[in-house]
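Reading the structure
So the chains spell out like this:
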Amino acid sequence: MELEENIPVNEEGRREIEKKKLLKEEEEKELGGVKTLPFIISNEISEKFATEGFHGNMITYLTLVLNLPLVKASNILANFNGLAGFTPLVGALIADSFAGRFWMIIAGSILYVLGLAGVILSAILPGLRPPDCPTQENCKEASDLQLWVLYTSLLLTSLGLGGIRPCVVTFAADQLGMSKNEVESRSWNFFNWYFFSLEIAGLLALTFVVYVQDHVGWGWGLGIPTIAMVLSIIVFIIGSPYYKKQKPEGSPLVRLAQVIAAALHKRKAIAPADSGLLYQNKELDATISSNGRLLHTNQYKWFDKAAIVTVAEKSDSKPPNLWRVSTVHRVEELKSIIRMLPIWASGILPIVAYSHQGSFSIQQARTMDRSLSPSFKIPPATMTIFQILSILIGLVLYERLFVPFARRFTRIPNGITTLQRIGIGYAINVFGTLIAAMVEIKRRGVATNHNLLGKPTAVIPISVFWLVPQYWVHGMALAFINVGRIEFFYDQSPESMRSTSASFFWIAIALGNYAGTLMVSLIHDYTGKGGGRNWIPNRNLNRGRLEYYFLFVSGLQVVNMMYYLICTKFYSYKALEEVSEGITEG
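Residues numbered from 1 in each chain as written. Predicted model: local features only at pLDDT ≥ 70, side-chain atom pairs only at ≥ 80, totals over all residues. Heavy atoms only, no water.

In the nomenclature of an unreviewed UniProt entry, the chain is known as NPF family transporter of Rhododendron griersonianum. The UniProt entry for the chain carries this comment under Subcellular location (unreviewed entry): "Membrane". (UniProt positions renumbered as here; feature names shortened; annotations may be inferred.)

In structure tokens form, the structure reads like this:
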């Protein structure tokens with residue numbers, strides 16, 4: 001099989017080609033690097049600032065402005081958070097296939113701004129919201145028209161996030177270079193500081209923006225994140241001349257389908273005992289393996305049939321038919337994705353457990369004493385800052401103390417593997433929900449002692465700071481889980497599918513949110529039957545048994561931990577042949 005004809009080139013032409021090649025390499029060396037990060041990360045910071053300012057207090061907007069019942073409002077948020085988890089797969093596939101990450105980031109940012117503008121109109125135009133209901137009794141809910149304006153706006157923000165989320169982190173990582181040698185030469189972990197910058201943005205949103213929403217108005221409270229997002233688009237475009245832009249090399253799904261089709265076509269063939277006899281073609285794979293080719297592995301050997309070269313194919317002078325024969329590198333791309341799937345699935349159940357905790361914790365905070373002075377109360381959504389502070393402190397301690405300490409024993413550049421980091425986060429998260437259950441027992445006990453169970457709007461004489469431990473422990477868990485998972489997907493995915501693989505992070509969140517919505521609805525319906533006490537009541541949280549919900553999700557996380565440990569026991573990291581400065585590393 002021949003890939004291209006050998007066209008004779010004279011000596012002068014050869015020198016000209018070499019000169020152009022050297023010039024191109026010099027230009028590429030000047031592109032990318034740390035100098036590009038402010039332009040790129042500013043976009044993601046603005047998205048995080050807008051998302052936290054927008055969604056962080058949205059449960060308050062839905063229940064107190066649109067007068068929706070708690071369960072319905074919580075489910076709306078979970079459903080659209082779920083949609084915002086699926087759309088990154090679409091955006092990533094478009095970016096990896098033909099559009100490129102640069103243009104997907106711009107398109108996604110514009111859609112996101114349009115969605116935010118729609119919610120602003122919903123907040124400031126009286127006809128797009130129901131009458132005020134300060135007593136929260138016999139309230140008139142938002143009409144179908146008013147809800148559809150909200151739904152359309154949330155849909156646009158979800159589509160926008162689909163273009164931003166999977167592309168910004170991979171686009172930024174591309175500027176630095178993430179080969180083994182390049183990562184080990186840096187004294188800092190890109191993914192740690194990437195999440196650190198995002199949490200700083202979240203901290204600003206949940207203090208400043210939420211305060212504006214609660215004390216100034218929703219128009220300005222939503223307008224500020226929108227303005228920040230518009231400015232970030234301008235900054236991102238200004239940095240365009242400095243970016244290293246990888247050319248898309250066709251749909252990764254088509255390549256995976258070609259491997260499966262070739263393996264099915266040769267399902268009766270017997271693969272050679274020597275894997276070196278399987279089809280390899282460096283020229284064919286050059287554009288999708290610039291950082292090194294994937295080496296043959298013994299897992300899922302049935303797919304090796306796709307790389308068997310028949311006698312007829314050996315004698316054929318035409319370019320290879322990739323629906324009939326695949327290179328080892330392309331077969332290993334499919335194997336890498338298959339190996340990642342069980343680890344990916346372990347991230348769904350923790351989201352199921354966590355999907356509604358944010359909204360329920362905010363509702364808890366609303367019933368508690370939030371006074372810092374006679375004239376100032378902490379907005380309920382601002383309590384999430386303790387989780388963000390925990391993440392920020394956790395990331396710094398992890399980078400500066402834990403990694404150097406662990407490196408002495410493990411000899412691993414990052415201290416521990418990404419899988420170990422994720423597992424530690426899962427274990428910590430279990431304790432977070434157990435603490436939440438104990439705090440809810442305490443909160444409701446105080447309400448009982450003061451005869452406030454029947455008063456949904458009454459302030460229970462218990463400090464809101466009782467909620468800090470659960471926020472803090474969840475934050476420490478996320479410092480391990482989120483960074484570990486996004487780094488795992490980037491590192492273990494084929495390089496030509498990194499945006500697509502990064503979208504796995506968000507897909508797990510989407511599935512977890514949808515499953516969480518189903519779980520909360522079932523718990524609400526089932527526990528409310530037969531005159532029993534509803535664990536999650538719509539209007540009066542004091543009459544519920546929210547601690548049972550927290551204990552239930554703690555149990556789910558323990559089951560997930562056991563599943564995850566089994567998955568990691570059988571996981572094999574991808575084998576990569578890295579080429580750096582003429583040296584090949586296995």
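Once you've had a look at it, read on.
Here the focus is the packing of aromatic side chains. Inspection of every chain in the model, using the stated rule, returns 27 aromatic pairs. Ring centres 5.4 Å apart and planes at 85° place the aromatic pair Tyr-194 and Phe-195 in the edge-to-face group. For the pair formed by Tyr-194 and Phe-195, the shared burial category is buried. Ring geometry for Phe-386 against Phe-465: centres 6.0 Å apart, planes inclined by 85°, an arrangement best described as edge-to-face. Of this pair, Phe-386 sits in helix H16 (residues 385-410) while Phe-465 sits in the loop between strand S5 (460-463) and helix H18 (468-492), placing them 79 residues apart in sequence. One aromatic cluster is present, built from ring pairs that chain together Trp-344, Phe-488, Phe-489, Phe-504, Tyr-571 and Tyr-573. Its end group placed over the ring of Trp-506, Arg-165 keeps NZ or CZ at 4.2 Å from the ring centre. (Phe/Tyr/Trp six-rings, centres within 6.5 Å; stacked < 30°, edge-to-face > 60°. Buried < 20%, exposed > 50% of the residue type's maximum accessible area, 1.4 Å probe, protein only. Helix = DSSP H or I, 4+ residues; strand = E, 2+ residues; numbered from the N terminus. Lys NZ or Arg CZ within 6 Å of the ring centre and 35° of its normal.)

Predicted coordinates in areas of low pLDDT are best not read in detail. Overall, the prediction assigns the chain a mean pLDDT of 81, with 89% of residues at 70 or greater. Note on residues 2-9: pLDDT is under 50 here. Beyond four places in sequence and across chains, it has 13 contacts. Segment residues 580-586 is flagged for pLDDT under 50; beyond a separation of four residues in sequence, or across chains, it makes eleven contacts in the model. (pLDDT = per-residue confidence, 0-100. Contact = heavy atoms within 4.5 Å.)

Our next topic: helix H10 (residues 252-265). Given a rise of 1.5 Å per residue, 14 residues ought to cover 20 Å, and the 20 Å separating the end C-alpha atoms of H10 matches this to within 8%. Those residues of H10 not exposed but buried are Pro-252, Arg-255, Leu-256, Gln-258, Val-259, Ala-262 and Ala-263. Viewed end-on, H10 has its buried residues packed into an arc of 155°, placing them on one side of the element. Close packing links the buried residues of H10 with helix H4 (70-99), helix H13 (328-345) and helix H19 (498-527). (Expected span 1.5 Å × (residues − 1). Arc of directions from axis to C-beta.)

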